[in-house]
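# Breakdown of the fold
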Amino acid sequence: MARLADYFVLVAFGPHPRGSGEGQGQILQRFPEKDWEDNPFPQGIELFCQPSGWQLCPERNPPTFFVAVLTDINSERHYCACLTFWEPAEPTQEVVCTEDATEREEEADEGGLVQLSPATPATPGQLFAPKTLVLVSRLDHAEVFRNSLGLIYTIHVEGLNVGLENVIGNLLTCIIPLAGGSQRTISLGAGDRQVIQTPLADSLPISRCSVALLFRQLGITNVLSLFCAALTEHKVLFLSRSYQRLSDACRGLLALLFPLRYSFTYVPILPAQLLEVLSTPTPFIIGVNAAFQAETQELLDVIVADLDGGTVTVPECVHIPPLPEPLQSQTHSVLSMVLDPDLELADLAFPPPTANASSLKMQDKELRAVFLRLFAQLLQGYRWCLHMVRIHPEPVIRFHKAAFLGQRGLMEDDFLMKVLEGMAFAGFVSERGVPYRSTDLFDELVAHEVARMRADENHPQRVLRHVKELAEQLYKNENPYPAVAMHKVQRPGEASHLRRVPRPFPRLDDGVVQWIVDQATAKMQGAPPAVKAERRTTVPSGPPMTAILERSSGLHGNSARRLEVVRNCISYVFEGKMLEAKKLLPAVLRALKGRAARRCLTQELHLHVQQNRAVLDHQQFDFVVRMMNCCLQDCTSLDEHGIAAALLPLVTAFCRKLSPGVTQFAYSCVQEHVVWSTPQFWEAMFYGDVQTHIRALYLEPAEDRDHLQVGDASTQEDERSALDVASEQRRLWPTLSREKQQELVQKEESTVFSQAIHYANRMSYLLLPLDSSKSRLLRERAGLGDLESASNSLVTNSMAGSVAESYDTESGFEDAETCDVAGAVVRFINRFVDKVCTESGVTSDHLKGLHVMVPDIVQMHIETLEAVHRESKRLPPIQKPKLLRPRLLPGEECVLDGLRVYLLPDGREEGAGGSGGGPALLPAEGAIFLTTYRVIFTGMPTDPLVGEQVVVRSFPVAALTKEKRISVQTPVDQLLQDGLQLRSCTFQLLKMAFDEEVGSDSAELFRKQLHKLRYPPDIRGTFAFTLGSTHAPGRPPRTTKDKGPSLRTLSRNLVKNAKKTIGRQYVTRKKYNPPSWEHRGQPPPEDQEDEISVSEELEPSTLTPSSALKPSDRMTMSSLVERACCRDYQRLGLGTLSSSLSRAKSEPFRISPVNRMYAICRSYPGLLIVPQSVQDNALQRVSRCYRQNRFPVVCWRSGRSKAVLLRSGGLHGKGVVGLFKAQNTPSPGQSQADSGSLEQEKYLQAVVSSMPRYADASGRNTLSGFSSAHVGGHVPSPRARVTTLSNPMAASASRRTAPRGKWGSVRASGRSGGLGVDVGSRLAGRDMLGPPQANGAPPDPGFLRPQRAALYIIGDKAQLKGVRPDPLQQWELVPIEVFEARQVKASFKKLLKACVPGCPAVEPGPASFLRSLEDSEWLIQIHKLLQVSVLVVELLDSGSSVLVSLEDGWDITTQVVSLVQLLSDPFYRTLDGFRLLVEKEWLSFGHRFSHRGAHTLAGQSSGFTPVFLQFLDCVHQVHLQFPMEFEFSPFYLKFLGYHHASRRFRTFLLDSDYERIELGLLYEEKGERRGQQACRSVWEYVERLSRRTPVFYNYMSCGPTATCPI
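## Focus on the overall build of the protein
A count of helical and extended segments in the protein gives 54 helices and 36 strands. The proportion of buried residues among the 1606 residues of the protein is 54%. By sequence separation, contacts in the protein at least 24 residues apart represent 74% of the contacts at least 6 residues apart. Summed over all atoms, the accessible surface of the protein reaches about 71500 Å², with 52% contributed by carbon and sulfur.

This is how it looks when you write it as C-alpha cells:
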C-alpha cells in the first residue's frame, strides 16, 4: 500500500529576485507543510511547473496539464502532475511585465529574439499570470492526477459548494495498493468517483499508449535507432512543442527497454533554466521544448529526436551499433506487420475483408511484445552464465560475459558487447539473477518459449500470433478489469477559462488540511501493517546454451576423424609409442585449430590425471606441452570458449622430474599466452570455482559426485545446478536460527578466502617466467603493462597490439627496458584479490591477511623456479636440423654466422598456404646470416608434409628501414621467444623468433652488427667500396691535398675533351634514327670551330699543365665528358662550346664551362647549356636568385617545335617572384633595383629570345590550331600572366583537338588533366578577352588570335602566392601544389605496411589491401607527378618552353623533367637512352642519393625517402599502358629500383659528381676495368648480364621509330 499523492503544492508567478524582466515561480502553499519521513519534499518544483519560464500573458490561455518527472538522490522518481491556469495579474506583477516588455522591445530593435507570445500592446492592458496546481507522487497514475487536479480547478472556477480543503485532504490521505491486479474506488468528497486498477505485476512497466504514439511520430527505423542508442549509453534528446508528448515519448522509450532499467539521467521535461545539463558527459534521456532547439545545435554528441517533425539526427561523431543480424531485419519486419497489418494484403487481387484494426492501447502492447521477444532472443540462456558467488546473507551474482558471447558466437558484435558492459545490464544481473524471487512474463518467455521462437522464425504469421498472445498478457497486466466504468468526475464548462472569475484561487486553510492528514495518519498507525504476499519461486533457467546454439556450431564433415586423430595421438603419447605419436603430431596441431578438437584434447588429458598429479617422462612432457601451447595460441584474452579454463588445472597437474627434489610442471612452459595476463579471465575462473565449492557446501554427500572436475562442462540432468541449490537455500533462510545463519555465512566466507589464496598461487605460477632474463616479455603482455586500465576494461589489448609502437623512430632501432617482474606480479595479484574479495564480501581483516601473503607466495615461487630453470638447462638438447649455409656473391663476406631462428608468416598469403593454395612454406626453421651485403635466412618448413624444400629469404642490409623487437611463439614448441621483425624498402619482411639456444647476448650482438652495417660512419664503409678490397688492393683514398689539383686538372681538360666529343659523330650500339637536320638545326662544321681561351677566364693559380694528368686520368676525363651530358647535347643540337659572336646568330645555346670548378653550384655538372647571349660572368649573379645556386639550365630541346626544357631550383624572394610582386609599387629609379634580379630577368629574356619561333609574326605560336572555336573576337593581352594550378587532379574542361601520338588518348581521356579548368581556359585564351567596344563593334582586329607565352615557369604554389601579372614580360608563372619529401617518406611507410603487413589482416581479402593502399596516398602522388609531366609535355609540344623550378631542384624537379623527356623523346625509351637519362638528370644534376637513402650514420635521422623509386614507378605506370613503346622490360625498372637502395654498386652513391670526384669514384669506375673483379657500376653489370641473356629486353617493343611523343 502507498499514498496516492504525497504533496499538494500551489505555485504562482512572482518577481525575479535579481530584478530581471522574467518572473519566477513562488510556492504559495504546500500540504502537508512537514516532510514525510519516508519521502522528503523534492526541491525545484517551481522550475518544472513552467519549463519555458514564468511569463505574463496578454490573453487568458486555456488550462494545461502535463506530468514532469524528478529523480532524487536515491534514484527514486517523483511524478509531478502540473495543471496550470491563468489569472489576472496583480499590480506588482504588471510592473514587472512592463519592464520586461520594454526590454524585449529593445532586444527586438537590436535584432534579438522575439517572444513567442502575442506582442504586448503599447499601453499595457489586462495581463494574466500563470498559477499551477501540483500533485507530487511516487506512483505513475497520470489519468487519476489529471482528474483530481481538474476537479479542484472545477470547484474553484464553477464555484461548487465543496470545500477545497476537504478535497485536498482526502487526496493526500488516499491509500491504494501498488500491484496485485486489484481495483480501488476512491472519492474526494465532491460527488466524484474514480476507479484505480493496479497492475498484476509491478515489475512490468505501464506504457498506456506511449509506445504506439512514439512509433507514429518517428517511424520504425528511427525508433530502432533510439532503442539501440539508449541501450548502448548514448545521449538522447527529444524535442516537441507539447510537454505531454515529451513525457509520453520518454515513457515509451523506457518501456521498450524492459527488462532492462535505465539508470542514467532521465528528465522528460527539462526547464529552460537547466539547459546546461545537456552538456553533461554522462548519458541521458531528456525532453526539451522545441522553442529551445537553437540552444541544442552546438551539442556534438547528442542524438536529437524531433517528435513534431518525425526526424532523428545522429551526429557524425556518434556511432550507434545496430542489432545483430538476423535480429535487426526480423524485428523490423515484425514491427511493420504490427503497424501496418494490410501491408501483406496490399498486392492481392481479391483481398479479404479487412479485420478491425487494433486499438491504440492494444497496438501499444503488440509493439512492446515485439521488443520483449527481441530481448528473449538476445538474452536466451543467460542464466547458465551466472556465477553464484555468495548465497548468504545476501546473494552475490556475477555474469560470465565471455562465455555468453562465445557460446552465442557474437564476440565481435559491437551492440551486444556494449549492452553487456553497460550499467543497465549490471542492474539486470543483480535484480533478475536472484534464483528465488517472484517471476514475471519475461522470465517465462526466456525460459520456456525459446524453442517456439526458433521454430517460428521463418513463419511470419506464427510470429504475429505469438506477438498478439504476449500483447494480450501485457494488456491484461495493465488493465485487469477492462469492462469497469472507470471515472465520474466533474469538469468545467466550455470556455470557462474566458469567464471573469470573481476572485483568484483562494488561500487554503492550513489547519483543516493538516487535521485531515493527521487523522488519517493516526488511523493508519493503529491498523495492522499490510503485508504484501509475494509469490516467490525458483526462477526457471531454461534450456542450456549449448542446446540453443547447436545449429551454429558449424561442425565440419571430417570433424569426427580429426577428433579420432587427437585421441589416438594422446593415447600413443601415454602408451610410450613416441614414433607413432610423432607421425600424428602435425595432423593434431592442424586439427587443434578447431574448437571441438581443443575441447576433445582437454577432456582426453583429464582422463590421464590421477589424484591431481601426472608425472611424465621428457618426451611425453614435450608432446603434451606442445599440444597445450597449440590449444592456447588461438585463445583470445577472454577465453570465450573455455579452453584455457579447462587447461588451467591440467598445467598444474602434468610434470616431469628434472633431478631429485626438482620437478618441472607444465605451467612453466605455457606461460606466454595473452589469456593468462587478462584480469577478466582470472575473475571469471575464480567466480566459477567459488560457485562450484559453494554448491558442494550445501549438497548432500550422496549428490556430490565429480563436481570438482572443472573440465567436465556438462552436468548430469538429475544433478541440481548451483542456482537451484541457491534457490532452495534462500527459501530456507528465514526458517534458520541466527546461529545457523551465522555459521553458513562464515563457511561461505572461508570458502571464498581459501579460493583467493589458491588463485594467488595459480596466478604466480602462470605470470612468473621461468627465465628471469625474459622479464621484458612481461611488460609486453596485455594486462601487466598497464594494470589499472586492464583491470577496468572488459576487453584488453591483444599481444600484437600490446607491443610498444613508440619505438617507431626514423632509425628503426629501439632500446631495451627492464621491468621488475616480482613487483609487477604482486601488484597484479593484489588488484585481483582486492576486486574479487570486495565483491564477494570478504572481511577487511581477511583481505589484509591476503595482502601480506601475496608477496611471500610470489617470492617463494621465484626461488622454486630458479632451481627448475637451472636443471632444465642441463637437459640434452633436442636434435635439430642441420643449418644450410647460403651462397654468397663475389666479394660478399659473412659477418655473423648463422643464428638458429624460426621464420614466421609475415601477413602475406604467399608461401603460407593461404587462399592462393600451395604448400605452407612458413613457418620455417633455419638460421639467419648477416653478411657485408645482405641479411639472409635459409631453412626448411616446419611442416613435414611440405617436403624437403629450402626456404631462402634475403634483402640488402642497406635496404633496412625498420627493426623492431617482438615476442612471438615458436611454431615447434609454442614457447614465447624473443624475436625480430626486419622490414626493408625492397618490400621484404623477415619476422623471426630466436631459438631458445640463442642467448640474449647473441641476439643483441646481431642487432648491433646490423645497425653498424646499415649506417656506416662513412660512405667508404659501404659494400660497394669494400667490395673486392681483399682480392685486389685498391689505391688509398685521396687525401685533402689531392682534391684541389684534381679539380683544377678537370677544369682544364674538361673543355678540350668536350670539343673533341662534340666534333665526333654520335654513334650508339643500337640503330637509332635521329631527327632530320631541317628539324633539328644545322650544326656547325668542324673546321669553323673556334678555340676558346680557357686562360682568359681562369685565375692564374688555377692553371695546371696538362702533363700533370696521367694517361689514365686523361682517358677518365674523356669518358667523363662523354658519359652523359655532351653526348646527349650533341644529339639534341645543343653542342656548341663557343661564345663568339659569329656563332651567336646560328646557335641559340652553347655549352658553358663556367661550373668546371664546381664553384657556382656543387650539385650541378661541370658543363651546362645556357643561352648564347649570356656571358659566364653573369651566371654567378643569376645563381644567387635560386635555391642551392641551381640556376636555370637547358636539359632538353624538342626536335620538332624547338622548345626547350629547363630546370632549376626554387626561386628565392628576390627572383622573378620579387619582380612580379614589386610591379605595382613605385620605385625611385632603376639604379636601386637588385642587380641579381635584373640579371635573372635578362637571363630569362635571353632564354625567350633564343627560341627561333618566338619573334615570328606569322602566328605559328598561337593556339588557333588547337582551339579554332575561339579564333576571331578573342583579344590576347600582352601582359605576362600567372596561371593557377591549385588542383592538379582537376581535368581540363576544354581540350585541344585530336592530339598527336599515342599519349593523346590519355590526354583526351581526362586522366592527364594537368591543366585545370582555369589553366586550360587561360592557355586557350579565354581569360584574355578584351573589353567590348561601346558601340558593340568587335575588339581591335590586331589581336584576333590568342597567344601562348613563350616561357612557362612551373613553381611551388606557396612560393608564388600573391604574384601580380606583369605587362612587360613574355613568360608566365604556373603555380602548382607539390608534395614534399617528408610526405613521400610517410606515404612509402604506409605502402610498405599495406604490401607487407607483418601480421594477418583483420579482414582477409582484397578489400583490406586496397583500403590500405588508398590510405597510403602513394598512387595519388604518382598521379600528380604524371599530371604535371603531361602538362609540360603539352606545353613543349605547342612550342612554348618550360622551366621547372620546384623545391631545391633535385627531387620533384628531377622527377618531372625526366618524365617529360621520357614521354616526349623515344630515344629515352631505349636501354641506352634510359641509362643516359638517369646519368644526366639524376647523377650529373645531383640527386641526393646518399641523403635520401640514409646511406651513412649522418643520414640515419632523415630516414629513407624513395624519390628515385617513385620516378621508376611512374615509368612503370606508363610502361603498363604503352608496352610497345619501350625497349626495356619492366624487370629493368625493378632491377634499378632494387639496386639503387642496395649499395651493391657505386653508381647510386653520393649526392653529386663533385662528391664522386672528391672520392675518386669516377676515376675508378672509368679507369681500371680490366681484370676479373666484381662490377662496380650497375650499367656494367647490366651490359655483362645482357650479353648472356636478354633479361632486360622487351620483346613487345616496336622500336624507337616514332619521333613524336607517346
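## Description of the side chain of Ser872
In this fold, Ser872 is placed in helix α30 (residues 844-872). By relative accessible area, Ser872 is classed as buried at 17%.

## Examining the packing of aromatic side chains
Enumeration over the complete set of coordinates arrives at 53 aromatic pairs. For the pair Phe215 and Phe371, a centre-to-centre distance of 6.1 Å together with 50° between the ring planes defines the contact as tilted. With Phe215 in helix α5 (residues 210-218) and Phe371 in helix α9 (residues 360-378), the pair connects residues that are 156 residues apart, well separated along the chain. Phe215 gets classed as buried once you look at its relative accessible area, which sits at 3%. Here the basic side chain of Arg762 rests over the ring of Tyr759, its NZ or CZ set 5.2 Å away from the ring centre. Above the face of the Phe1025 ring, Arg1546 is positioned so that its terminal group lies 4.8 Å from the ring centre.

## Section: unusual backbone geometry
Peptide bonds are mostly trans, and most non-glycine residues show a negative phi. Across the junction of Phe258 and Pro259, the peptide omega takes the value 15°, indicating a cis bond. Its place among the elements puts Pro259 in the loop between α7 (243-256) and β11 (265-267).

## Considering the sheet that holds strand β10 (residues 235-240)
Two modes of strand pairing occur in sheets, parallel and antiparallel, and in both the strands are linked by backbone hydrogen bonds. If you walk across this open sheet you meet the five strands as β11-β12-β10-β13-β14, and the pairing is mixed. The open sheet is flanked by β11 and β14 (311-313), the only strands paired with a single partner. With strand direction ignored, the average angle separating the axes of adjacent strands in the sheet is 20°. Bridge count between β10 and strand β12 (residues 284-289): five bridges; the pairing is parallel. Bridge assignment links Leu237 to a residue of β12, and that residue is Ile286.

## So, the nonpolar core
Within the largest apolar cluster, 256 residues are counted, with the highest numbers of intra-cluster contacts made by Phe8, Phe227, Phe238, Ile285, Met628 and Trp682. At ten residues, the largest contribution of residues to this core is made by α9. Ignoring any residue separated from it by four or fewer positions in sequence, one finds Trp682 in contact with Leu648, Trp676, Ser677, Tyr759, Arg762, Met763, Leu766, Phe828 and Phe832. Of all hydrophobic cores here, the second largest spans 112 residues; its members include Tyr1129, Val1170, Val1374 and Leu1392.

## Brief notes about the pattern of salt bridges
Taken as a whole and judged by the stated rule, the model has 55 salt bridges. Across the pair Glu87 and Lys131 runs a salt bridge, and its minimum N-O distance is 3.0 Å. Here Glu87, found in strand β5 (residues 77-88), pairs with Lys131, found in strand β6 (residues 128-137); they are 44 residues apart in sequence, far enough to count as distant. Across the salt bridge formed by Asp414 and Lys418, the nearest N and O atoms sit 3.8 Å from each other. Here Asp414 and its partner Lys418 are both found in helix α11 (residues 414-421), four residues apart, which amounts to about one turn of the helix. Overlapping salt bridges bring together Glu449, Arg452, Asp456, Arg462 and Glu469 as one network.

## Notes on the environment of Thr538
Counting through the fold element by element, Thr538 comes out in strand β19 (residues 537-538). Contact partners of Thr538, with chain neighbours within four places excluded, come to Pro435, Tyr436, Asp724 and Ser727. Separated by 2.5 Å, the side chains of Thr538 and Ser727 make a polar contact.

## Some details on the pairing of strand β13 (residues 302-306)
Each regular strand carries side chains that alternate between the two faces of the sheet. Most of β13 sits inside the fold, with five of its five residues counted as buried. Residues Val302, Val304 and Asp306 point to one face of β13 and Ile303 and Ala305 to the other, with burial holding for every one of them. Of the strand pairs in this sheet, β10 and β13 are connected by five bridges, and their pairing is parallel. If you follow Leu237 over to β13, its bridge partner there is Val304. Of the pairings in the sheet, the one linking β13 to β14 comprises three bridges and is antiparallel in character. Within β14, the position partnered with Asp306 by the bridge is Thr311. A loop of four residues connects β13 with β14, the two strands running antiparallel in sequence, and Gly310 in this loop sits at a positive phi of about 75°.

## Quick word on the sheet that holds strand β21 (residues 654-659)
As summarised here, the arrangement of the three strands in space is β20-β21-β22, forming an open sheet in which the pairing is mixed. The open sheet is flanked by β20 (614-616) and β22 (662-665), the only strands paired with a single partner. Ignoring which end each strand starts from, the neighbouring axes of this sheet average 40° apart. The sheet contacts of α30 involve β21 and β22, and relative to β22 the element is tilted by about 90°.

## Some remarks on α7
The terminal C-alpha atoms of α7 lie 20 Å apart, and with 14 residues this matches the ideal 20 Å at 1.5 Å per residue to within 8%. Across the 14 residues that make up α7, a large majority, 13, are buried. Measuring from the backbone nitrogen of Gln244 back to the side-chain oxygen at the start of α7 gives 3.4 Å, which picks out Ser242 as the cap.

## Structural notes on the packing of helix α23 (residues 679-698) against helix α24 (residues 722-732)
The geometry of α23 relative to α24 is characterised by a closest axis approach of 9 Å and an angle of 50° between their N-to-C directions. Comparing their axes, α24 and α23 come out oblique. Taken as a pair, α23 and α24 cross one another with a handedness that is left-handed. Along the contact surface, α23 presents Gln691, Arg695 and Tyr698, while α24 presents Ala722, Val725 and Gln729. A per-class count over the contact of α23 with α24 returns three nonpolar, two polar and one charged.

About the cut-offs
Residues numbered from 1 in each chain as written. Predicted model: local features only at pLDDT ≥ 70, side-chain atom pairs only at ≥ 80, totals over all residues. Heavy atoms only, no water. Helix = DSSP H or I, 4+ residues; strand = E, 2+ residues; numbered from the N terminus. Buried < 20%, exposed > 50% of the residue type's maximum accessible area, 1.4 Å probe, protein only. Contact = heavy atoms within 4.5 Å. Areas by Shrake-Rupley, 256 points an atom, 1.4 Å probe, with all protein chains shown as cover. Phe/Tyr/Trp six-rings, centres within 6.5 Å; stacked < 30°, edge-to-face > 60°. Lys NZ or Arg CZ within 6 Å of the ring centre and 35° of its normal. Pairing = 2+ DSSP bridges. Axes fitted to C-alpha atoms, helices over the stretch in contact; angles between N-to-C directions. Core = buried A, V, L, I, M, F, W, Y, C linked by side-chain atoms within 4.5 Å. Salt bridge = Lys/Arg side-chain N within 4 Å of Asp/Glu carboxyl O. Polar contact = N/O pair within 3.5 Å; in protein donor to acceptor, adjacent residues only side chain to side chain. Expected span 1.5 Å × (residues − 1). Parallel < 35°, antiparallel > 145°, perpendicular 65-115°, else oblique. Left-handed = near helix turned anticlockwise from the far one by under 90°. Nonpolar A, V, L, I, M, F, W, Y, C, P; charged D, E, K, R; others polar.

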